[in-house]
Amino acid sequence: AAGSFYLWLYSVNTKSVYVPGHDLPAYHLIQSTDLISKPLPTADLSSDSLIAEENLIGCYTLVPLGAGEVVIKPQVLSSPLADLVSDTTAVSVPATAATTFNGQLSSGTVVTVWATSNDSVSSKTEPLLQRALVLDVQQVHAGTDIASHPYIVTLAVPNDLQAEVLAASVSGSLSFTLVP
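Residues numbered from 1 in each chain as written. Predicted model: local features only at pLDDT ≥ 70, side-chain atom pairs only at ≥ 80, totals over all residues. Heavy atoms only, no water.

Caption draft 1: Representation of the overall build of the chain in the model. From N to C terminus, the chain includes 4 helices and 11 strands. The buried share of the chain, taken over its 180 residues, is 34%. Long-range contacts, defined as pairs at least 24 residues apart, comprise 63% of the intrachain contacts of the chain with a sequence gap of at least 6. Per element, the accessible surface of the chain, about 10000 Å² overall, is 56% carbon and sulfur. (Helix = DSSP H or I, 4+ residues; strand = E, 2+ residues; numbered from the N terminus. Buried < 20%, exposed > 50% of the residue type's maximum accessible area, 1.4 Å probe, protein only. Contact = heavy atoms within 4.5 Å. Areas by Shrake-Rupley, 256 points an atom, 1.4 Å probe, with all protein chains shown as cover.)

Caption draft 2: Molecular detail of the pattern of salt bridges. Inspection of every chain in the model, using the stated rule, returns 2 salt bridges. For D83, the salt bridge goes to R131, with nearest N and O atoms at 2.9 Å. With D83 in helix α3 (residues 82–85) and R131 in strand β9 (residues 125–139), this pair connects stretches of sequence that are 48 residues apart. For E126, the salt bridge is made with K124, and the minimal N-O distance between the two is 3.3 Å. (Salt bridge = Lys/Arg side-chain N within 4 Å of Asp/Glu carboxyl O.)

Caption draft 3: View of the environment of L81. Residue placement: L81 occurs in the loop between β6 (76–77) and α3. By relative accessible area, L81 is classed as partly exposed at 41%. In this structure the C-alpha to C-alpha distance between L81 and V110, which are 29 residues apart in sequence, comes to 9.3 Å. If near-sequence neighbours (up to four positions away) are discounted, L81 is found in contact with V110 and R131.

Caption draft 4: Broad picture of the side chain of T112. The residue T112 is located in strand β8 (residues 110–117) in this model. At 2.8 Å, the side chain of T112 and the backbone oxygen of Q130 are in polar contact. The residues contacting T112, other than those within four sequence positions of it, are P127, L129, Q130, S175, F176, T177 and V179. (Polar contact = N/O pair within 3.5 Å; in protein donor to acceptor, adjacent residues only side chain to side chain.)

Caption draft 5: Up close: the sheet that holds β9. Taken in spatial order, the 5 strands line up as β7-β10-β9-β8-β11 in an open sheet, and their pairing is antiparallel. The sheet terminates laterally at β7 (88–95) and β11 (172–178), the two strands that pair on one side only. Adjacent strand axes in the sheet meet at a mean angle of 45°, parallel and antiparallel pairs treated alike. Here β8 pairs with β11 via 7 bridges, running antiparallel. Its bridge partner being in β11, T112 is matched across the sheet by T177. (Pairing = 2+ DSSP bridges. Axes fitted to C-alpha atoms, helices over the stretch in contact; angles between N-to-C directions.)

Caption draft 6: The arrangement of the nonpolar core in detail. Judged by nonpolar contacts, the single largest core of 20 residues is most densely connected at V111, V113, V153, L155, V165, L174 and F176. Broken down by secondary-structure element, the contributors of at least two residues to this core are β7, β8, β9, β10 (151–158), α4 (162–171) and β11. Looking at this core element by element, the count peaks at 5 residues for β9. Residue contacts for L155: discarding those within four places in its chain leaves T89, A90, V91, V111, V113, L133, V134, L135 and F176. (Core = buried A, V, L, I, M, F, W, Y, C linked by side-chain atoms within 4.5 Å.)

Written as structure tokens, this is what we have:
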């Protein structure tokens, strides 16, 4: 009888939620094929839990997500602009406090990416990407170049421009301006 009561109580206090059906890497665009429905105790859900399929499809993961685990809001970037994530690769570049607006640059911001060459004869700044989606901004806590580049900015970069962005970050410097 106690076992029956437990099963009844469990079924009353559960909710069908959508969770990743397999492990998802960081910076992955969630598709319907990535999700499964799973009953979970309501006690395991928080106010930050994203449990509806429509709240997850089209989101970009900011961290790796485990199979079968409930997704919470800080783990994903909600509904990024489709044209800014289609055919892109996540590219991380070093950044200064100034280029991250003193660390205030955040996930979901759309920026123009500017490249400045460090040529000893002449320095030139040109737009490299007119519109890029910021996927993540992390403050570096260890490393050799922490004073000059204390941040890592991860951008959604079109596949055909990833080598150019990486080369510009190594041979010069990148700056960001906010796109209204």
